[in-house]
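Single-letter residue listing:
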Amino acid sequence: NSGIEITLEKAFTKNYYFLFTASLFDSWYRAGDHIRYNTYYNTKYVCNFMIGKDLYVGRNKRNSIGLNIKYVIRGGYRYTPVDRIKTLKLKKIVYKTSSTYESQLPDFIRLDAGINFRKNKEKYSWIVMLDIQNAGNRKNVFRRRFTYENGQIISNDILSLGIVPVFNFRVEF
């Protein structure tokens, strides 16, 4: 593996924070045949951006409402293409092993958002949180499968979940 990573961070001060990371990389291996192949995870790049802000509310501004956003974009995972000629001849899926992990799925993009309310008491606090994972409801291609049916090679993309709400209640002592 080789690459470079850049991180820009603002720690939580003045009621907000942000974090930006970007990685450019090349992930490969050399097999027993001495040929260099991509790894499954050689997406070539990944970028993350997170930002959050707390707003203080209530009597004496002791309680808070927090807002958070996270955005991720990365290259798609790798897959091995089908050997069309051998597959059609043998009437079953045959992968092109000489091109292991040569093909790449579409880019993965996801936006997460969250809101929380924190009630601070003298001896404890409680927090109620709602996080919306994949708030943009993007159907990312997670994996690509192939089948042979009636003389044809059928490609079937397995998609990631749509919007996933996560509700959480926590008490801190």
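Further up the page is the structure itself.
Criteria and cut-off values
- Residues numbered from 1 in each chain as written.
- Predicted model: local features only at pLDDT ≥ 70, side-chain atom pairs only at ≥ 80, totals over all residues.
- Heavy atoms only, no water.
- Helix = DSSP H or I, 4+ residues; strand = E, 2+ residues; numbered from the N terminus.
- Contact = heavy atoms within 4.5 Å.
- Pairing = 2+ DSSP bridges.
- Axes fitted to C-alpha atoms, helices over the stretch in contact; angles between N-to-C directions.
- Salt bridge = Lys/Arg side-chain N within 4 Å of Asp/Glu carboxyl O.
- Buried < 20%, exposed > 50% of the residue type's maximum accessible area, 1.4 Å probe, protein only.

This paragraph deals with the environment of Gly52. By the secondary structure assignment, Gly52 is in strand E5 (residues 45-57). As for Gly52 and Arg145, which are separated by 93 residues in sequence, their C-alpha atoms are 38 Å apart. Excluding anything up to four places from it in sequence, Gly52 contacts Asn15, Tyr16, Tyr17, Leu67 and Asn68.

Right, let's get into the pairing of strand E1 (residues 2-13). With 10 bridges connecting them, E1 and strand E2 (residues 16-26) associate as antiparallel partners. Residue pairing for E2: Thr7 is matched across the bridge by Thr21. Counted along the chain from E1 to the antiparallel partner E2, the turn is two residues long, and its residue Lys14 has a positive phi close to 55°.

Our focus in this paragraph is the sheet that holds strand E10 (residues 125-133). Pairing is antiparallel in the open sheet, where seven strands are placed in the order E1-E2-E5-E6-E9-E10-E13. At either end of the open sheet lies a strand with only one pairing partner, and these are E1 and strand E13 (164-172). Strand-to-strand twist in this sheet, taken as the mean axis angle between neighbours without regard to direction, amounts to 10°.

Quick look at the pattern of salt bridges now. Side chains carrying opposite charge are able to pair once their charged atoms draw close together. Evaluation of the coordinates by the stated rule reveals six salt bridges. A salt bridge links Arg36 to Asp26; the nearest nitrogen and oxygen atoms lie 2.5 Å apart. Here Arg36, found in strand E4 (residues 36-38), pairs with Asp26, found in strand E2; they are 10 residues apart in sequence, far enough to count as distant. The exposure class assigned to Asp26 is buried, which follows from its relative accessible area of 17%. Arg118 is the partner of Glu172 in a salt bridge, and the nearest nitrogen-oxygen pair spans 2.8 Å. Highlighted residues: Glu172 in strand E13 and Arg118 in strand E9 (residues 108-120), separated in sequence by 54 residues. Residue Arg118 is classed as partly exposed on the basis of its relative accessible area of 24%. Several salt bridges share partner residues, and in doing so they unite Asp26, Arg36 and Lys44 into one network.

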